[in-house]
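# Residue-level structural notes
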Amino acid sequence: MIMPMIKNHEKLRCMATGMEIDDDGLVFHNRAIEEPSLLRTIYLNKKLNINHHPGLYQYSDWLPIRRILQGSSLPSTYRSTKLASYLGLSKLHITFNGYWKERNADMTTGTFKECEAYTVCSRFPWELGKTLVVASAGNTARAYMKVCSENQLPLVLVVPNKLLTRLWSTTRVNHCVKVISADGDCDYSDAIKLSDLISTMDGFQNSGGTRNVAKRDGLGVTVLSAISMMGEIPDYYYQAIGSGAGAIAAYEANLRLVESGDYRYKMMKLHLSQNIPFTPIADAWKQRIRTVDIEEEHAKYQIGKICAKVLSNRNPPYGLAGGLYDALTKSEGNVFSVTNREIKEACALFEKLEGCDILPESGAAVAALIKNINSGSVAKQSSILLNITGGGYKNIKGDFGINRIKPDVSIGRQQFATDLMYKKIQALIEKE
Ligand SMILES: *Cc1c(COP(=O)(O)O)cnc(C)c1O
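To start, this report covers the structure provided alongside it. Note that the structure is predicted; figures quoted are calculated from it, not measured.

## Considerations on the pattern of salt bridges
Oppositely charged side chains are able to pair whenever their charged atoms sit close together. Tallied over the full model, the rule gives 22 salt bridges. Lys11 is the salt-bridge partner of Asp22, the closest N and O atoms lying 2.7 Å from each other. Remark: Lys11 occurs in strand 1 (residues 9-14) and Asp22 occurs in strand 2 (residues 20-22); sequence separation between them is 11 residues. Among the residues examined, Asp22 registers a relative accessible area of 53% and is labelled exposed. For Asp262, the salt bridge identified is with Lys47, shortest N-O distance 3.0 Å. Taken together, the positions of Asp262 in the loop between helix 7 (245-259) and strand 14 (269-275) and Lys47 in the loop between strand 3 (39-43) and strand 4 (76-79) put the pair 215 residues apart, joining distant regions of the chain. The exposure class of Asp262 is partly exposed, given its relative accessible area of 44%. A single network of salt bridges, built from pairs that share partners, joins Asp185, Asp190, Lys193 and Arg413.

This is the structure in structure tokens:
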């Protein structure tokens, strides 16, 4: 475990009040105010110096971290020729997150959640002796499992039983990682509830989700590395959204690059996508309202009907200060809705032309791009950055093989917050 201490920031800014708050590695919101608001890291270096640290940590100047961990990698950005010429685009860059050796993409868990997981674990104050608790429906779990297993950091993952098939690893998982199955018909929201309960116990700490600056600044590395490679800020940024954390991060990365003075001022338009019928953010943005009411529209927003399952966050950081509504407003962005069929066609087209399989979530971004080009709403000579947030599963399976992960303990909904639950969790840790 290599862990040199890094000191590149001290304060975080509250996006509602402008107040500056000391970063203790754990603060997720401004405790001085009632209303929810995001914090944003204030870096000591206003210019981005790309350094010689391994992987993701080349961008450590703008990561709110204290330590460098092993095993990270960067997305790979390249200028597309085949998809670009098929669509008639003169300047399409693809930033690929996943595993694709020919393009030097080495994320063996397959998605940009690796950028998040490394950064969050590099910020976390492990010296307090706490176990990190993360709830996930798949991609996030695999990413945290890799970081913590390879760096021997204590982690509890909470995964809904019916999504356990999405939990796999290319390597043996270290015993410092424990997996809890939220049993029966528990869904992702139940897993979150369970992880919140566990986090109230002594010795456990949740990751804070989008409110954790490390999550967003880690995801933002995709944009930092892509724009560094392109040498300019693009006109449009395409990405599929679940929570919108990645898109807020892209906006924040753009803002920092502009403020560094190293790029001509431009805010790339965030062109985001959701999978029909789960389109609460697209619907709210269309009406330019700050609230997404997912419970009210329950009958419409059916997660079971979408193929890009990850794009189904029920509590997105949308309306709060510094959230997605603000990023869309300031970047003059837009949110598009795409069907399962459009996603499948986009995935097939990408694989045929560019030569690598991509996840349906990435296909949702490609599908929105295709729609915009075909309708003429985006000019073909625009500079476009397409974020492939996950891909290369076939390569991973081929090169490494996939080991399924079994849960260490199962907890049904009727056991939530009971003595039995607390005993089971405690026993899990005490076995060590
Ligand atoms: C998580 C995820 C997304 C959506 O990211 P958000 O930050 O939740 O909006 C998109 N694609 C893939 C592959 C993901 O894992």
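The discussion continues.
## Some details on the nonpolar core
Ranked by size, the top nonpolar core spans 77 residues in total, and within it Cys121, Tyr144, Leu157, Leu167, Leu270 and Leu324 carry the most contacts. A total of 8 residues in this core trace back to one element, the largest contributor, which is helix 7. No fewer than three residues from each of domain 1 (76-110 + 215-396) and domain 2 (125-206 + 402-432) sit in this core. Membership of the second largest hydrophobic core comes to 37 residues, among which are Tyr78, Leu349, Val366 and Ala368.

Criteria and thresholds
- Residues numbered from 1 in each chain as written.
- Predicted model: local features only at pLDDT ≥ 70, side-chain atom pairs only at ≥ 80, totals over all residues.
- Heavy atoms only, no water.
- Salt bridge = Lys/Arg side-chain N within 4 Å of Asp/Glu carboxyl O.
- Helix = DSSP H or I, 4+ residues; strand = E, 2+ residues; numbered from the N terminus.
- Buried < 20%, exposed > 50% of the residue type's maximum accessible area, 1.4 Å probe, protein only.
- Core = buried A, V, L, I, M, F, W, Y, C linked by side-chain atoms within 4.5 Å.
- Domains from an automatic or database assignment.

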